[in-house]
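What follows is the residue order along each chain.
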Amino acid sequence: MKTYLFYVFTIMLTGFGLLTLFLSISMIFDLFGIRAMEGNYVLFVVWSNFISSVLYLLAAYGFFQSKKWTIPLIIIAAIVLFIALIGLLIYINTGGIYKTKTIGALIFRIIVTLLFAAFAYFLNKKNYIYEK
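These notes cover the structure that comes with them. (Residues numbered from 1 in each chain as written. Predicted model: local features only at pLDDT ≥ 70, side-chain atom pairs only at ≥ 80, totals over all residues. Heavy atoms only, no water.)

**Description of the nonpolar core**
Phe9, Leu13, Ile74, Leu106 and Phe116 are the most contacted members of the largest nonpolar core, which totals 27 residues. For this core, the secondary structure elements donating two or more residues are α1 (4–28), α3 (43–64), α4 (70–93) and α5 (101–127). Counting residues per element, this core draws most heavily on α4, which supplies nine residues. What Leu13 contacts, discounting residues up to four positions off in sequence, is Tyr56, Ala59, Ala60, Ile74 and Phe116. (Core = buried A, V, L, I, M, F, W, Y, C linked by side-chain atoms within 4.5 Å. Buried < 20%, exposed > 50% of the residue type's maximum accessible area, 1.4 Å probe, protein only. Helix = DSSP H or I, 4+ residues; strand = E, 2+ residues; numbered from the N terminus. Contact = heavy atoms within 4.5 Å.)

And the structure:
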């Protein structure tokens, strides 16, 4: 039986994915003049956010449909973000221009993604059985 936590989690994951998708697409295609507002941004970090947003949305769909591949998708998103963090640190050490809040934002996003994976695991384990 699916509880209200199941639906709240699905809505949160979908919302986070849509927000991330909107912000990353806005940066990539310079919608609404957002590049000028953001200043020094690191493009590969924006692309990793875009990839993660697609994975979040696919995972939300999979979670709602009780699919086995939900948690691996969320973990892959965390890995993509972690690789982007390592790349950012290398970029910074080689003298690249960046905003200091980018490091904190990436760490925050990795933590949130891992929390999503944990919630998905425990909600699935307690509330329903995966379909094949």
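Resuming the write-up.
**A few points about unusual backbone geometry**
Phi at Phe32 is positive, roughly 60 degrees, even though this residue is not glycine. Relative to the assigned elements, Phe32 resides in the loop between α1 and α2 (34–38). Note on Phe32: relative accessible area 67%, which makes it exposed. The residue Ser66 is not glycine, and still its phi comes out positive at about 60 degrees.

**Digging into the packing of aromatic side chains**
For any pair of aromatic rings, the description rests on two quantities: the centre-to-centre distance and the angle between the ring planes. All chains considered together, the criterion is met by 13 aromatic pairs. Linked through ring pairs, Phe6, Tyr7, Phe9, Phe16, Tyr56, Phe63, Phe64 and Phe116 together constitute an aromatic cluster. (Phe/Tyr/Trp six-rings, centres within 6.5 Å; stacked < 30°, edge-to-face > 60°.)

**Some points on a nonpolar patch on the surface**
Residues Leu19, Phe22, Leu23, Phe29, Leu31 and Phe32 make up a contiguous nonpolar surface patch of roughly 640 Å² in combined accessible area. Here Phe22 lies in helix α1. For Phe22, a relative accessible area of 43% puts it in the partly exposed group. (Patch = residues over 30% accessible without salt bridge, like charges linked within 9 Å, V, L, I, M, F, W, Y side chains within 5 Å. Areas by Shrake-Rupley, 256 points an atom, 1.4 Å probe, with all protein chains shown as cover. Salt bridge = Lys/Arg side-chain N within 4 Å of Asp/Glu carboxyl O.)

**Some remarks on the side chain of Ser53**
Position of Ser53 relative to the elements: it lies in helix α3. We classify Ser53 as buried; its relative accessible area is 0%. Contacts of Ser53, omitting those with residues within four sequence positions, involve Gly17, Thr20, Leu21 and Ser24.

**Observations concerning α1**
Compared with an ideal rise of 1.5 Å per residue, which puts 25 residues at 36 Å, α1 spans 36 Å between its outermost C-alpha atoms and is within 8% of the ideal. Burial in α1 covers these residues: Phe6, Phe9, Thr10, Leu13, Phe16, Gly17, Thr20, Leu21, Ser24, Ser26, Met27 and Ile28. (Expected span 1.5 Å × (residues − 1).)

**A look at the environment of Ala59**
Take Ala59: it is sitting in helix α3. Remark: the alpha-carbon pair of Ala59 and Thr14, spanning 45 residues in sequence, is separated by 8.5 Å. Leave out the neighbours within four places in its chain, and Ala59 touches Leu13, Thr70, Leu73 and Ile74.

So yeah, pure geometry; function would need other evidence.
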